[in-house]
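# Commentary on secondary and tertiary structure
Take a look at the letters that make up each chain.
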Amino acid sequence: MCRQTEKGRAVSEPTFAVPPKTPANLRVATKQAPRAAAAEQAADPVSELGPTGRPFPALPEPGPRRGPVGEAAVGQRSPATVIALCNQKGGVGKTTTVINLGASLAEFGRKVLLVDFDPQASLTVGLGINPNEVDSTIYHLMMERDVPLDDVVIDTGIENLDLIPSNIDFAGAEMQLINEVAREQVLARALEPAVSRYDVILIDCQPSLGLLTVNALAAADGVIVPLECEYFALRGVALLKGTIDKVQDRLNPKLQIVGLLGTMYDGRTVHSREVLQTLVSGWGDAVFHTVIRRTVKFSEATVAGEPLIAYATSSAGADAYRQLAKEVLARCPGA
Ligand SMILES: Nc1ncnc2c1ncn2[C@@H]1O[C@H](COP(=O)(O)OP(=O)(O)OP(=O)(O)O)[C@@H](O)[C@H]1O
Ligand SMILES: [Mg+2]
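Because the structure is a prediction, the values reported are computed rather than measured. (Residues numbered from 1 in each chain as written. Chains lettered and ligands numbered in written order. Predicted model: local features only at pLDDT ≥ 70, side-chain atom pairs only at ≥ 80, totals over all residues.)

## Quick look at the overall build of the protein
For the protein, the count of helices and strands is 15 helices and eight strands. Looking at the protein as a whole, 44% of its 335 residues are labelled buried. In the protein, the share of contacts with a sequence separation of at least 24, taken over all contacts with a separation of at least 6, comes to 77%. (Helix = DSSP H or I, 4+ residues; strand = E, 2+ residues; numbered from the N terminus. Buried ≥ 20, exposed ≤ 12 C-beta atoms within 10 Å, placed from the backbone. Contact = placed C-beta atoms within 7 Å.)

See below:
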């Protein structure tokens, strides 16, 4: 039932490379040669349909980046696409996605800035930087006047990939912001100088829907929502959508949902598959075709302080994030 609905939706979408198998042509095959058809049904839908139950679209190879970068680029190139990675649920893969999507976009030649917007500083740690040893963080860029961008940006050692770090100092920012004028737009103002220097800016939000997350949404062009493929993950999405809608109405009309990303997917379990199907039934094409499978390699890469893209460059997890980067570029044509 569910699968048929998705096939129906897929037919109406012009970008799919592989035409979906309709229930009708599967039935015909069964009538003509039962054994062959059974074998085909076992292998075929799985190979042609992606894990979300829809045919996988042909994603274009990303083109070259759009122009000069750094100081030379100021005023000469279109502004960065700013994307916030949000979910108020903890441990769903926000930081992992920021690191690996960022590294993949950098590999495709985009100049990428990652913003650690969480006092837990997992993004900073995940890139091999000790948060206790950084002097200037996103806190200073937001809360102190006249801190130049260059004072807070760290070169990650990966080509095209920079970081604005965070540390525990940032934990007090939410309280301090309450007394600020235009308190929801402090991050947007702080990132203004970065927008003309980068192609993509990814903001790693903390697991909450508080004022800091509202700041991230107010600064962003788009939101990516990573969701662990398990039942409880679905429960908070409506609440998050409500916050996104309010920010779009009241603060940032350009804000769009770039996509919902299934993470920690285990295709061997019925539960994982059902959660993904439910997500697609409710959210349709907002759900990325790319799904990130569960693998211990992500934790190993974090311990090594590297993106999986660099730590295990030809692993399935690294390839999944490269594919996600292609999908994101296809959905954000300005990036
Ligand atoms: N696809 C995956 N397979 C297995 N483990 C993963 C996967 N993605 C992330 N992890 C691991 O799950 C843990 C949580 O991931 P991550 O820190 O990215 O989540 P988060 O949403 O940023 O969490 P928080 O809300 O606390 O900031 C980490 O240990 C990470 O290495
Ligand atoms: Mg995180």
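Once you've had a look at it, read on.
## Observations concerning the packing of helix α9 (residues 186-195) against helix α10 (residues 211-219)
Their axes nearest at 7 Å, the elements α9 and α10 cross at an angle of 50 degrees. Overall, the two elements α9 and α10 adopt an arrangement that is oblique. Both α9 and α10 take part in a crossing whose hand is right-handed. Contacts between α9 and α10 involve Val 186, Leu 187, Ala 188 and Leu 191 from the first element and Asn 215, Ala 216, Ala 218 and Ala 219 from the second. Its residues assigned to classes, the contact of α9 with α10 shows seven nonpolar, one polar and no charged. (Axes fitted to C-alpha atoms, helices over the stretch in contact; angles between N-to-C directions. Parallel < 35°, antiparallel > 145°, perpendicular 65-115°, else oblique. Left-handed = near helix turned anticlockwise from the far one by under 90°. Nonpolar A, V, L, I, M, F, W, Y, C, P; charged D, E, K, R; others polar.)

## Side note on the sheet that holds strand β5 (residues 200-205)
Strands sit in the order β3-β4-β2-β5-β1-β6-β7-β8 across an open sheet of eight strands; the sheet is mixed. The outermost strands of the open sheet, each flanked by one partner alone, are β3 (154-155) and β8 (287-293). Here strand β6 (residues 222-228) pairs with strand β7 (residues 256-265) via seven bridges, running parallel. Within the sheet, the bridge partner assigned to Leu 227 lies in β7 and is Gly 262. Helix-sheet contacts for helix α4 (residues 94-107) involve β1 (81-85), β2 (112-117), β4 (161-164), β5, β6 and β7, and the interaxial angle to β5 is about 170 degrees. (Pairing = 2+ DSSP bridges.)

## Some remarks on the confidence of the model for the protein
Here the protein shows a mean pLDDT of 86. Residues at 70 or above account for 82%. Predicted confidence for residues 1-47 stays below pLDDT 50, and this span has 34 contacts to residues more than four positions away or in other chains. (pLDDT = per-residue confidence, 0-100.)

## Thoughts on unusual backbone geometry
With phi around 70 degrees, Asn 160 is a residue other than glycine that occupies positive phi space. With respect to the helices and strands, the residue Asn 160 is situated in the loop between β3 and β4. A count of 21 C-beta atoms within 10 Å places Asn 160 in the buried class. We note that Ala 182 has phi near 50 degrees; this positive angle belongs to a residue other than glycine. Tracing the chain through its elements places Ala 182 in the loop between α8 (173-177) and α9. Classification of Ala 182 as exposed rests on a count of 10 C-beta atoms within 10 Å.

## Details of the pairing of β7
Of all 10 residues in β7, eight are buried, a share of seventy percent or more. For the handedness criterion, the β-α-β arrangement of β6, helix α11 (residues 237-250) and β7 is classed as right-handed. Across three bridges, β7 lies against β8 in parallel orientation. The residue bridging Tyr 265 from the neighbouring strand is Arg 293, located in β8. (Right-handed = clockwise from strand over helix to strand, strands pointing away.)

## Let's talk about the pairing of β5
Summarising burial for β5: six of the six residues are buried, a large majority. Where burial is concerned, the two faces of β5 agree: the one with Val 200, Leu 202 and Asp 204 and the one with Ile 201, Ile 203 and Cys 205 are both buried. Examined bridge by bridge, β2 and β5 share six bridges and lie parallel to one another. Within β5, the position partnered with Leu 114 by the bridge is Leu 202.

## Considering α4
With 14 residues, α4 ought to run about 20 Å at 1.5 Å a step, and its terminal C-alpha atoms sit 20 Å apart, in line with that. Within α4, 14 of the 14 residues are buried, which leaves it mostly tucked inside the rest of the structure. Downstream of α4 by a residue or two, Gly 109 has a phi angle that is positive, lying close to 90 degrees. (Expected span 1.5 Å × (residues − 1).)

## So, the environment of Lys 326
Within the element layout of this structure, Lys 326 appears in helix α15 (residues 316-331). By the C-beta count within 10 Å, which is 21 here, Lys 326 ends up buried. Sequence-wise, Lys 326 and Leu 101 are 225 residues apart; in three dimensions their C-alpha atoms are separated by 9.6 Å.

## Comments concerning α15
With 16 residues, α15 extends 22 Å between its outermost C-alpha atoms, agreeing within 8% with the 22 Å of an ideal straight helix rising 1.5 Å per residue. Residues of α15 that are buried: Gly 317, Ala 318, Ala 320, Tyr 321, Arg 322, Leu 324, Ala 325, Lys 326, Val 328 and Leu 329. For α15, the secondary structure elements touched by its buried residues are α4, β7, β8, α13 (297-304) and α14 (308-311).

## Examining the nonpolar core
Counting residues in each nonpolar core, the largest one holds 90 residues, and the members touching the most others are Ile 201, Leu 202, Ile 203, Ala 216, Leu 217 and Val 223. The contact partners of Leu 217, leaving out residues within four places of it in the chain, are Ala 84, Cys 86, Val 223, Ile 244, Val 247, Asn 252 and Leu 255. (Core = buried A, V, L, I, M, F, W, Y, C linked by C-beta atoms within 7 Å.)

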